[in-house]
Structure formats: structure tokens, C-alpha cells
Amino acid sequence: MDTAKTPPDAASLEKAISRTYIADSRTALAAWLALQLGRPLLLEGPAGVGKTDLARALAETLERPLIRLQCYEGLDEGKALYEWDYAKQMLYTQLLRDTIASQTQGASSVADAAARLQGAESEFFSKRFLIARPLLAALQSDVPVVLLIDEVDRADPEFEAFLLEILAEQQVTIPELGTIRSVHTPLVLLTTNATRDMTDALRRRCLHTFLDYPPPSRELAILELRVPGIARELAEALVRFVADVRKLDLRKLPSISETIDWARALLLLGASGLDRTLVTETLGVLVKHEEDRLKVTNAANKLLGS
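Notes on the structure follow.

## A short note on helix 1 (residues 10–17)
For step 1, the next point in the chain: When we look at burial in helix 1, the residues that qualify are A10, L13 and I17. End-on view of helix 1: buried residues confined to an arc of 60°, all on one side of the axis. Exposed residues on helix 1 whose side chains face more than 90 degrees from its buried face are A11 and K15.
For step 2, the next point in the chain: Lining the buried residues of helix 1 we find helix 2 (25–37) and helix 3 (51–62).

## Re the packing of helix 13 (residues 232–245) against helix 14 (residues 256–268)
For step 1, the next point in the chain: In the contact formed by helix 13 and helix 14, the axes pass within 11 Å of each other and the chain directions differ by 140°. The orientation of helix 13 with respect to helix 14, classified from their angle, is oblique. As for how helix 13 packs across helix 14, the hand of that crossing is right-handed. Residues L234, L238, F241 and V242 of helix 13 lie in contact with helix 14, whose contacting residues are T259, W262, A263 and L266.
For step 2, the next point in the chain: Of the residues that constitute the contact of helix 13 with helix 14, the class distribution is seven nonpolar, one polar and no charged.

## Observations regarding the packing of aromatic side chains
Two numbers describe a pair of aromatic rings. These are the distance of the centres and the angle of the planes.
For step 1, the next point in the chain: Following the criterion strictly, the structure yields two aromatic pairs and no others.
For step 2, the next point in the chain: Arranged with centres 5.5 Å apart and planes meeting at 40°, the rings of F159 and F162 form a pair that is tilted. Placement of the pair is F159 and F162 together in helix 9 (residues 157–162), with a separation of three residues, close to one helical turn.
For step 3, the next point in the chain: Judged by relative accessible area, F159 falls into the buried class, the value being 4%.
For step 4, the next point in the chain: On the basis of relative accessible area, F162 is assigned to the partly exposed category, the value being 24%.

## Some points on the environment of L294
For step 1, the next point in the chain: Summarising the element assignment, L294 is placed in helix 16 (residues 290–298).
For step 2, the next point in the chain: Linking L294 and L283, residues eleven residues apart in sequence, is a C-alpha distance of 9.6 Å.

## Observations regarding the sheet that holds strand 1 (residues 41–44)
Think of a sheet as strands paired side by side through backbone hydrogen bonds, with each pair either parallel or antiparallel.
For step 1, the next point in the chain: Taken in spatial order, the five strands line up as 2-5-8-1-9 in an open sheet, and their pairing is parallel. For this open sheet the edge positions go to strand 2 (66–70) and strand 9 (207–210), each flanked by a neighbour on one side alone. Between one strand axis and the next, the sheet turns through 20° on average, direction left out of account.
For step 2, the next point in the chain: Sheet analysis places strand 1 next to strand 9, joined by four bridges and oriented parallel. Note that in strand 9 the partner of L42 across the bridge is H208.
For step 3, the next point in the chain: Set on the sheet, helix 2 makes contact with strand 1, strand 8 (187–192) and strand 9; between it and strand 9 the angle comes to about 165°.
For step 4, the next point in the chain: Contacting strand 1, strand 2, strand 5 (146–150) and strand 8, helix 3 crosses the sheet at an angle of about 165° to strand 8.

## Concerning the pairing of strand 1
For step 1, the next point in the chain: Residues L41 and L43 of strand 1 are buried on one face, and the alternating residues L42 and E44, pointing to the opposite face, are buried as well.
For step 2, the next point in the chain: As paired elements, strand 1 and strand 8 share four bridges and run parallel to each other. In the sheet register, E44 faces strand 8, and the bridge partner there is T192.

## Some words on helix 14
For step 1, the next point in the chain: Between its first and last C-alpha, helix 14 extends 18 Å over 13 residues, near the 18 Å set by a 1.5 Å rise per residue.
For step 2, the next point in the chain: Looking at helix 14, one finds that the buried residues are I256, E258, T259, I260, W262, A263, A265 and L266.
For step 3, the next point in the chain: Summarising the contacts, the buried residues of helix 14 are in contact with helix 12 (216–226), helix 13 and helix 15 (276–286).
For step 4, the next point in the chain: Phi for G270, located one or two positions after helix 14, is positive at around 75°.

## Things to note about the packing of helix 1 against helix 2
For step 1, the next point in the chain: Interhelical geometry of helix 1 versus helix 2 gives an angle of 110° and a closest axis separation of 8 Å. As the angle between them shows, helix 1 and helix 2 are arranged roughly perpendicular. The segment helix 1 lies against helix 2, with A10, L13 and E14 engaging S25, A28, L29, A31 and W32.
For step 2, the next point in the chain: Its residues assigned to classes, the contact of helix 1 with helix 2 shows six nonpolar, one polar and one charged.

What counts and how
Residues numbered from 1 in each chain as written. Predicted model: local features only at pLDDT ≥ 70, side-chain atom pairs only at ≥ 80, totals over all residues. Heavy atoms only, no water. Buried < 20%, exposed > 50% of the residue type's maximum accessible area, 1.4 Å probe, protein only. Helix = DSSP H or I, 4+ residues; strand = E, 2+ residues; numbered from the N terminus. Arc of directions from axis to C-beta. Contact = heavy atoms within 4.5 Å. Axes fitted to C-alpha atoms, helices over the stretch in contact; angles between N-to-C directions. Parallel < 35°, antiparallel > 145°, perpendicular 65-115°, else oblique. Left-handed = near helix turned anticlockwise from the far one by under 90°. Nonpolar A, V, L, I, M, F, W, Y, C, P; charged D, E, K, R; others polar. Phe/Tyr/Trp six-rings, centres within 6.5 Å; stacked < 30°, edge-to-face > 60°. Pairing = 2+ DSSP bridges. Expected span 1.5 Å × (residues − 1).

These results come straight from atomic positions and should not be treated as a statement about function.
Set out below in C-alpha cells:
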């Protein structure tokens, strides 16, 4: 842990990241404890509530590189941990063929030739030919990093099991090289939108916090931070409207990121307040399904208090 860049307490961390991210005290405490204990932090909650952005803000605040692994169905260790540079191995084989030929000259059999080259094959499976993917890059980094394993619930359960050694011991085992331990303990953040439940084995290795849609007061602070120049009156009206929209039975509730996009769109249009025409014409920024747009449109007058 880079203690020089680690705030002395959770309140100091909350204040430090507030330049780019508005966290509640519970989230700031969870992040600070993850730093102090060297434990991964599992961030759970709906899409678009700031889980990924928290990792970015922490990396910026702690002055650490951010290494991101985006998870998806079918992700395997070749894309997440390492793979061998087969093209480079073949090139070296061609370049060294005369050396190999001289070493095997006069061999009476294939077994004899292989015996003469014993140990040489290991050179082709050394770090010289290793391509480090995000997980290995985080462990081998010469400086502490923030490692974001994003949307881990989208990966297969088998990949989740593969992560356990890294999460528990900050190390990985590569058959040809043995165990590789972290140079510095990374701050590991895993995010999940709860499209499937995480196993108890993974949860046991992590600290946990749940990020939900923020209360209006915090969403207002987020808007004023992320949308410079927005009028207070417009921001307050927008936040009230979005909060009421989230009470509707929608297929997808508006996220914080969509609230920010809508605020920016309204600012570009020169809006000073909300009215039915403006709302209905710009709803495509806020809601992303036609059935949701129709529901919000039908409820617009009530939501606007008119």
C-alpha cells in the first residue's frame, strides 16, 4: 500500500475524491477500509449509479494507474490474465534454427535430439514471450494500481472461481512459470449489476457495499459538479422530476449518468426550466425503451405538477 497517498481516515478520503465524485460516507468508508486492509471491494447496485466512476475517482485521488478488465460471457484467462506470444515464439524458432540444428547434429533419434535440447524449450515459455493481460499487469506493476474488474456478473461462474486466488492472495499460478505474487497490493474493485448472484466464495473474499440511486440532495450535488454552469433552479427541477420518474413501473429506471446527460442536453438547448413540450421532446436522453417513454409521457403533467 502506498501510504503516502492514502488518506488517514474515511472522512479525508471522502473529501479528497469530492473534487470529481460525490460519495456518501458509507461508500467512502468501505473504500478506505479496502485500502487499509488490502481487501477487494465488491460494488453492487443498479447500472449507472457510479460504480465504475468510483474506481476512476479513486485512481485519480490516490494517483494510481487504473487498470480495467471489462467482463463478458466467455471471458477466459487468455484475455484476462496472460497468453503466450506465439508469433514471437515462431520468429525466435526461425532465427535460432541454425543453433538448434548444430545442437542436434548427429543425434541418433528424436529422443536423443530432444534430450540434447532439454531445458531450451523452457526459454520459449519464459517472461520474454508472456503477454500480460489486465490481471497479471496489475500484479506485476512497479507502482500500486487500482484494478477494476467491471461487471463481473456478466462473466461465467467458472471465471468467477478463477478469480479467487487473485482476490484472496494477490497472486496467480501460471503452469509454465509457477506462482507470481503481486509487487504491490492493488486496490481491487469489482462491480456487479446483479444480473446473476455472486457466489459465497467470492463474497467471502471481498468487502461489500451497495450503491443505489442517490437521494435528491446528493444527485443535485452530482449535477452541479458534473454539469458546470447549470442553473440551480433547473437542476432542482430536473432532480425532482427524475426522482419521480424512478417511482414509475419502468423497464429501466434512469441512472445517474442519464440524469447528467439530460442536464447537459437541456443546457445545450438553453432551457431555464421544465415544461411538457421540452420534457417529451428530450425523453430519449433519459429513458431508453419506447414503452418507458410512453409511460413517462403520459405521466408528464402529473410529474411536472401541472
